[in-house]
Amino acid sequence: MIERLKKEYALFISIISLIIFEIYQHNLANTLIGNLVGLSIIFGVIIYSALSVAHHAELLAEKFGEPYGTLILTMSAVTVEVMIISIMMLHAHNPYLARDTIYSAIMLDINGLLGLSAIIGGLKFGEQPYNIDSSNSYISMLLVAIGLSMILPRSIEPAYKDGFMWFIVVIFILLYVVFTKIQLKDHRYFFEYKKEQKDEKREHKNLNINAPYHIILLIVYIVAIGFLSEILALFMENSLQSLGLPLALGALGVAVISASPELIVAIRASLDNRMQTVINIALGASLATVLLTIPAVILISKFSSLHIELALTEIQELLLGLTLIVGIVNFNDGETNVLEGFLHFILFIVFAFMLFL
């Protein structure tokens, strides 16, 4: 156990960074250079810690198999996301931060992560198979969840918005419980792709994975990221304001941090010809972001007396609508290829470009 802990370099770097920046953060925050330096270092440390989250989550995925593995990974990512959003909401009082972060996370997961993985896997294997029932289930749930929480609010009169928010919290918790039951029990085979031959070496390796150790380290890293995020919020807000950059870039930064563990695991899975894992991660993370992050930020806003706006802008609606339409067309045959990945990645590039306009 001690020998294993000695190799957790990211944990030691996170603790040392926390101590140093707790002492010097206010001095650094007084100048633009100080803010940029602090932002760069803390962002790098958080990404490094997030990669350790990916490592431990991936080993747990090996231990428990699909769909439990990707569920652990997406829940870890959503927990990180909610923690960072909550801290930045309380710090910056930006009513659009939660909406922009959730939107950015969906675009990053489906267009960035899935698109890049399909390109990489397609270049190596040509076409990569997966269970079409999983993509159909995820996309139908995403359409309902996004429509109810991020499009319908534009038509709700202000006098009824407070009650509608509480209604969304209840409905989304119900949706997530039902979907998780279906995913893990009733229709678990929807989210699995059965290969003809089993990998005996992998099964033997699973027996040697110490699940409690990795679960504890996973929680410790998530907590560390939470503390680091409080410092990140200060440097990020000051830097964006000083440089006159759109605050939506901060939302993209949060999405990148929360998605970085998923991205690493997804790329490894695509190189190993496990597109089912990529589908579960990309679409599952998007769904978890909507069904779990939205109720969480609504509850935080109510108890903290903060105002939030979840309704998408017209440009966000258009790009997200295009993403889902292209997804419906592409994910209807049970195989991905380079072209499908390229189309999604182009949409991600357009999304990133529009942040500056």
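Residues numbered from 1 in each chain as written. Predicted model: local features only at pLDDT ≥ 70, side-chain atom pairs only at ≥ 80, totals over all residues. Heavy atoms only, no water.

### So, the overall build of the protein
Link 1 in the chain: What the protein contains, in helices and strands, is 13 helices and two strands.
Link 2 in the chain: For 357 residues, the compact-globule formula gives about 21 Å, and the C-alpha radius of gyration of the protein, at 20 Å, lands near that figure.
Link 3 in the chain: Expressed along its principal axes, the backbone C-alpha trace of the protein runs to roughly 60 × 55 × 35 Å.
Link 4 in the chain: By sequence separation, contacts in the protein at least 24 residues apart represent 87% of the contacts at least 6 residues apart.
Link 5 in the chain: Carbon and sulfur atoms make up 68% of the accessible area of the protein, which amounts to about 16,300 Å² in all.
Link 6 in the chain: Taken as two groups, the 20 positive and 29 negative side-chain charges of the protein have centres that lie 8 Å from each other. (Helix = DSSP H or I, 4+ residues; strand = E, 2+ residues; numbered from the N terminus. Rg over C-alpha atoms; globule rule 2.2 N^0.38 Å. Contact = heavy atoms within 4.5 Å. Areas by Shrake-Rupley, 256 points an atom, 1.4 Å probe, with all protein chains shown as cover. Lys, Arg positive; Asp, Glu negative; His and termini not counted. Charge placed at Lys NZ, Arg CZ, Asp CG, Glu CD.)

### What to know about the layout of surface pockets
Link 1 in the chain: Its boundaries defined by the atoms lining it, the second largest pocket holds a volume of some 320 Å³.
Link 2 in the chain: Ala248, Thr313, Gln316, Met354 and Leu355 are the residues nearest the centre of the second largest pocket, which is lined by 18 residues in total.
Link 3 in the chain: Looking at the lining of the second largest pocket, the elements with two or more residues in it are α5 (97-125), α12 (314-330) and α13 (338-354).
Link 4 in the chain: Ranked by the residues each element gives to the lining of the second largest pocket, the list is headed by α5, at four residues.
Link 5 in the chain: Tallied by class, the residues present in the lining of the second largest pocket amount to 12 nonpolar, four polar and two charged. (1 Å grid on protein atoms, 1.4 Å probe; cavity = no way out; pocket = protein on both sides within 12 Å on 5 of 7 lines; lining within 4 Å. Points joined across faces, edges and corners; volume = space filled by probe spheres on them. Nonpolar A, V, L, I, M, F, W, Y, C, P; charged D, E, K, R; others polar.)

### Details of the nonpolar core
Link 1 in the chain: Ranked by size, the top nonpolar core spans 101 residues in total, and within it Val290 and Ile294 carry the most contacts.
Link 2 in the chain: Other than its neighbours up to four places away in sequence, Ile294 contacts Ile102, Ser149, Met150, Ile168, Phe172, Thr289 and Leu310. (Core = buried A, V, L, I, M, F, W, Y, C linked by side-chain atoms within 4.5 Å. Buried < 20%, exposed > 50% of the residue type's maximum accessible area, 1.4 Å probe, protein only.)

### With respect to the packing of aromatic side chains
The description of an aromatic ring pair rests on the distance of the ring centres and on the angle between the ring planes.
Link 1 in the chain: On inspection of all chains with the given rule, the structure shows 11 aromatic pairs.
Link 2 in the chain: Between Tyr138 and Phe179, the ring centres sit 5.7 Å apart and the planes meet at 50°, which makes this aromatic pair tilted. Within this pair, whereas Tyr138 is found in helix α6 (residues 132-151), its partner Phe179 is found in helix α7 (residues 158-186), the two being separated by 41 residues in sequence.
Link 3 in the chain: Each ring, one from Phe190 and one from Phe191, has its centre 6.4 Å from the other, and the planes form 50°; the classification is tilted.
Link 4 in the chain: The class of Phe191 is buried, set by a relative accessible area of 0%. (Phe/Tyr/Trp six-rings, centres within 6.5 Å; stacked < 30°, edge-to-face > 60°.)

### Observations regarding unusual backbone geometry
Link 1 in the chain: Of note in the backbone geometry, Asn273 takes a positive phi value of approximately 60° without being a glycine.
Link 2 in the chain: If you trace the backbone, Asn273 turns up in the loop between α10 (248-271) and α11 (275-303).
Link 3 in the chain: For Ser305, which is not glycine, the phi torsion reads 60° and is therefore positive.
Link 4 in the chain: On the secondary structure map, Ser305 appears in the loop between α11 and α12.

### Considering the packing of α5 against α13
Link 1 in the chain: Taken N-terminus to C-terminus, the directions of α5 and α13 make an angle of 145°; their axes are 7 Å apart at the nearest point. The two elements α5 and α13 cross, and the hand of that crossing is left-handed.
Link 2 in the chain: Taken together, the residues that form the contact of α5 with α13 break down as 14 nonpolar, seven polar and no charged. (Axes fitted to C-alpha atoms, helices over the stretch in contact; angles between N-to-C directions. Left-handed = near helix turned anticlockwise from the far one by under 90°.)

### Some words on the pattern of salt bridges
Link 1 in the chain: In this structure the tally under the stated criterion is eight salt bridges.
Link 2 in the chain: The salt bridge partner of Arg99 is Asp100, with a shortest N-O separation of 3.1 Å.
Link 3 in the chain: For Asp100, a relative accessible area of 11% translates into the label buried.
Link 4 in the chain: Ionic pairing is found between Lys302 and Asp162, a salt bridge with its closest N-O pair at 2.4 Å. (Salt bridge = Lys/Arg side-chain N within 4 Å of Asp/Glu carboxyl O.)

### A look at empty space enclosed by the protein
Link 1 in the chain: Inspection of the entire model under this criterion finds three cavities of 30 Å³ or more.
Link 2 in the chain: By volume, the largest cavity is sized at about 90 Å³.
Link 3 in the chain: What lines the largest cavity is a set of 11 residues, among which Leu71, Thr74, Tyr138, Gln183 and Gly284 lie closest to the centre.
Link 4 in the chain: Classifying every residue of the lining of the largest cavity by side-chain character gives six nonpolar, five polar and no charged.
Link 5 in the chain: Pro153, Ile156, Lys161, Phe164, Met165, Glu309, Leu310 and Ala311 together form the lining of the second largest cavity.
Link 6 in the chain: The residue inventory of the lining of the second largest cavity, partitioned by class, reads six nonpolar, no polar and two charged.

### Here we look at a nonpolar patch on the surface
Link 1 in the chain: Together, Phe12, Ile15, Ile16, Ile19, Ile20, Ile23 and Tyr24 make up an exposed nonpolar region whose accessible area comes to about 680 Å².
Link 2 in the chain: With respect to the helices and strands, Ile16 occurs in helix α2 (residues 9-28).
Link 3 in the chain: Of the residues examined, Ile16 reaches a relative accessible area of 48% and is grouped as partly exposed. (Patch = residues over 30% accessible without salt bridge, like charges linked within 9 Å, V, L, I, M, F, W, Y side chains within 5 Å.)

### Here's the deal with the confidence of the model for the protein
Link 1 in the chain: In this model, the protein carries an average pLDDT of 87, and 95% of its residues clear a pLDDT of 70 or more.
Link 2 in the chain: Here residues 196-201 is a poorly scored stretch, pLDDT under 50, and it has one contact once near neighbours within four places are set aside; other chains count. (pLDDT = per-residue confidence, 0-100.)

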